[in-house]
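Chain and residue survey
Listed below, chain by chain, are the residues.
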There are 2 protein chains.
Amino acid sequence: MSLSDFFEPEGIAVVGASATPGKLGNDAMSNVEAADTEVYPVNPSSSGTVYGYEFVDSVAEADADVALLCVPRHLQPEVLEECGEAGIGAAVIFAGGFAEMGGEGRELQDAVADVAAEYDITVLGPNTAGYALPHRNLYGSFVPRIRDVGAGNVGIVAQSAGVAITASFHLTREGYGISAMFGLGNRVNTEFSDVIPELDADPKTDSIVLHVEGTDDAEELFEACREADTPVAAFKVGENEVSEFVRAHTAAPAQKNELYEEAFDRAGVVSVDSTTALVDAGRALADSPTPDGPNVGLVTAQAGPGIIVADHLDGVGANFPELTAETRERLDEVLPGITYEENPVDTGRPMPEFGRVVDIVARDDNVDIVSVYEIYEDSLGYPVEELATLAEEVDKPVLFTVAGPAHAFEDERRQMEAAGIPTFDTPERGAQAVAALIESIPDEE
Amino acid sequence: MSLSDFFEPEGIAVVGASATPGKLGNDAMSNVEAADTEVYPVNPSSSGTVYGYEFVDSVAEADADVALLCVPRHLQPEVLEECGEAGIGAAVIFAGGFAEMGGEGRELQDAVADVAAEYDITVLGPNTAGYALPHRNLYGSFVPRIRDVGAGNVGIVAQSAGVAITASFHLTREGYGISAMFGLGNRVNTEFSDVIPELDADPKTDSIVLHVEGTDDAEELFEACREADTPVAAFKVGENEVSEFVRAHTAAPAQKNELYEEAFDRAGVVSVDSTTALVDAGRALADSPTPDGPNVGLVTAQAGPGIIVADHLDGVGANFPELTAETRERLDEVLPGITYEENPVDTGRPMPEFGRVVDIVARDDNVDIVSVYEIYEDSLGYPVEELATLAEEVDKPVLFTVAGPAHAFEDERRQMEAAGIPTFDTPERGAQAVAALIESIPDEE
């Protein structure tokens, strides 16, 4: 069993494809129609074409590696068997009503599992919205407009496809994207521990973010994280008493969050507690080198928001080291009588020298990570050139928190990111991103 | 002493006005030039006009109630005295370098305080970026493009003007706005307790949000909150060890956060711990009725994000009551075999009946607040009509968390808000907004 068919399918069969807009089998067709491979709409009651592809009567007529199963739940074991007979290696089961329902649903899922084992089919789901690989233009999902999700370098593996989709659109709305998105659903035979190594090996994936409700496969999950070279962040849901709702969702066992957080910590995984913190940790881990230590040089053009950043960071194990005598001398040359030249360094207002101040602090030997806060002013702009040079010459994370009018976010913010300076748009998001980097530092052996 | 001059000035003097772009006195002119009142650029070394207004040599020649002082700090006592002689009732001192510097700065601030007392001048600052009243087109600030900040119903009172500006632009970028923004800075004679009653009386202000670093005037602050009819939320910064940076910023005394949180709680103020939570609490409190109790009816179209919302809410004292037998019957009629018809109610996917499901849950007598989560799908849209009717007929908070592609956020999301349904764009922001409403419920006497 392997996930590789999902990544490079020679042909995709959409079983239960439909020409009727709004039907699951039509939504799925609308997403795969642009894939770089042949697509086979399978439906014995339909003829003609849908999205330019001719209907076939059965999967046996489809020269496909992957099948998207858009048929009702009761038909799944039978249809999956047909897929097996046709040599299909990987299938996505969208339908719900399996183990998460208990009773007869559990039996149905067992039947699916048996067929999958017999024919060695990798099954994503059931009870999932599928997967997406934007770099390959591959959207194996029924979610309308999932093709809007852009290509990026964060890989998402979520127990709930709804969370994966929420996070994927969130990253896209903010101008980023994903390398991969897998919604696991009920995990009949595709678990976190199966997907993580694939994304670890994927050259487009620079960080992996996990949404976990609970899994019987927890030890394998931790092991996969430990073995991954790619940095991993995880959001384990269920801090409080929502286990019954969770079980009814993806048939997840009730498990204590603490156990996960400790094990994640031992496995070098960054733990977060919201979807926003998850996407931000993903971006920070993907776009920054791992810092050598927790020593933050904080540079602010407005002290108030800077204090908020410092306050958050102080609570997550950041250290604000003294700057070296040399750094202080250099700061004094650039800005005699600077508002606050301890660390945090506060310039009091944006000024033409701001980029130079960031550069000086970043080159301080006592500083492992640089966190910057500046409200945008038109007449000064952001110090894009200085930061581009800095990112090229200094191998430390430099994270920039932006604020100000909307238009400021479009141009120079994007230039900074293109130059290797990740940006965040509120004091707390900027702080959380730095916190994720600090948490990603390997523990001393 | 009164703040009323700031709200309805008959004439504004910009002392130290300049025709040179980039200068403080030019930035301030660029912001007040469109005000509905006469503007007097004051500068004895300049002649001609700036932004269409003729320079005058001294404040004595300005028929003004408000002065924006754009001169260096050492000149402030002298210039303020001239303002007093000219009958000006209110002044903003932008310059820093006063009490927050200690020593000679403290003496300079004392001198300013003496002049202000002698002439009964209300002074905002020193060490502030000023104030803004978008409904009156009044921007008494040097911050470039602060006129981009839109008119809304959240009033911001911040110890740090940098935080006030950050929050104002944040609300504006997301399509909202503010009724007022006051940056207090060093609070020479204008404190939280002076501004809060003004905003409480302001018909454009439906909620007041505070950013607090620390103040000697804490008891008066709590009293002002207690007496306000307008709901108040507060972000007290300084959870951790940043007191030295705080003192060096706005001369704030070091004070324990716990004291504030307890006192805020007794005064009926909602405490939050980030700028995002502050603006979201402001919006929720401004746009929703106060709930009768903490009983949340949660309706989700995707269970995964719904569980995240439930998990957050469970941690902040929300209760998920059983739905009445009548409600369950009605749900069963609309959606036989609904995925999860306990509370939370999960429909599993968006569907045409979703708005009807929200409506049924909202009308349940056991439910005080309705929280909804739905990823947008083009073919279904959001249930705008049902929610508009609901908001008209049922006097309970109904908060909607949106997700999906960017274009979905522009149209129907805005229609829902226009109909009285506040929206939020991540599971945690939606949950925090509900949490703020629960915290705003008056304690039983």
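All values derive from a computational prediction rather than experimental measurement.

Calculation criteria
Residues numbered from 1 in each chain as written. Chains lettered and ligands numbered in written order. Predicted model: local features only at pLDDT ≥ 70, side-chain atom pairs only at ≥ 80, totals over all residues. Heavy atoms only, no water. Helix = DSSP H or I, 4+ residues; strand = E, 2+ residues; numbered from the N terminus. Rg over C-alpha atoms; globule rule 2.2 N^0.38 Å. Buried < 20%, exposed > 50% of the residue type's maximum accessible area, 1.4 Å probe, protein only. Contact = heavy atoms within 4.5 Å. Areas by Shrake-Rupley, 256 points an atom, 1.4 Å probe, with all protein chains shown as cover. Patch = residues over 30% accessible without salt bridge, like charges linked within 9 Å, V, L, I, M, F, W, Y side chains within 5 Å. Salt bridge = Lys/Arg side-chain N within 4 Å of Asp/Glu carboxyl O. Lys, Arg positive; Asp, Glu negative; His and termini not counted. Charge placed at Lys NZ, Arg CZ, Asp CG, Glu CD. Core = buried A, V, L, I, M, F, W, Y, C linked by side-chain atoms within 4.5 Å. Polar contact = N/O pair within 3.5 Å; in protein donor to acceptor, adjacent residues only side chain to side chain. Disulfide = S-S within 2.5 Å.

Helix and strand counts for chain A come out as 16 helices and 19 strands. Here the C-alpha radius of gyration of chain A, 25 Å, is about what a compact globule of 445 residues would show, namely 22 Å. Here chain A holds 445 residues, and the buried ones make up 65% of them. Put simply, of all contacts in chain A between residues at least 6 apart along the chain, 73% involve residues at least 24 apart. Accessible surface, chain A: about 15800 Å² in total, of which carbon and sulfur atoms supply 43%.

Another aspect to go through is the side chain of Ser30 of chain A. Here Ser30 of chain A shows up in helix α2 (residues 24–32). Here Ser30 of chain A is in contact with Tyr51 and Arg147 of chain A, once residues within four sequence places are set aside.

The peptide bond linking Asn343 of chain A to Pro344 of chain A adopts the cis configuration, its omega dihedral lying at 5 degrees. Note that Pro344 of chain A resides in the loop between α12 (325–334) and β16 (345–346). Positive phi, close to 70 degrees, is recorded for Asn127 of chain A, a residue that is not glycine. Inspection of the secondary structure assignment puts Asn127 of chain A in the loop between β7 (122–124) and β8 (130–133). Even without being glycine, Asn137 of chain B reaches a positive phi, approximately 60 degrees. Structurally, Asn137 of chain B is set in the loop between β8 (130–133) and β9 (138–141). With a relative accessible area of 31%, Asn137 of chain B lands in the partly exposed category.

Our next topic: a negative patch on the surface. Residues and elements named next belong to chain A. The grouping of Glu239, Glu258, Glu261, Glu262, Asp265, Asp273, Glu439 and Asp443 at the surface amounts to a negative patch. At 4 residues, helix α9 (residues 257–266) tops the list of elements feeding residues into the negative patch. Structurally, Asp443 is set in the segment after α16 (427–439).

Residues and elements named next belong to chain B. In this fold, Leu390 is placed in helix α14 (residues 384–393). Look at Leu390 and you get buried, because its relative accessible area is 0%. As for Leu390 and Val358, which are separated by 32 residues in sequence, their C-alpha atoms are 9.0 Å apart.

Attention now goes to the nonpolar core. With 208 residues, the main nonpolar core has Leu210 of chain A together with Leu210 of chain B as its most contacted residues. Once you skip the residues sitting within four places of it in the chain, Leu210 of chain A turns out to touch Val157, Phe192, Ile196, Leu221, Cys225, Val232, Ala233, Ala234, Phe235, Phe264 and Leu278 of chain A.

Looking now at the environment of Asp194 of chain A. Residues and elements named next belong to chain A. Residue position: Asp194 is located in helix α6 (residues 192–201). Considered as a pair, Asp194 and Ser274 are 80 residues apart in the sequence and their alpha carbons are 24 Å apart. Within the structure, the side chain of Asp194 is placed 2.7 Å from the backbone nitrogen of Glu191, a separation counted as a polar contact.

On to the state of the cysteines, then. All names here are of chain B. Considering all chains together, one arrives at 0 disulfides over all chains under this definition. In this model Cys83 remains outside any disulfide bridge; the closest cysteine sulfur is found in Cys70, 11 Å from its own. Taking relative accessible area as the criterion, Cys83 reaches 0% and is therefore assigned buried.

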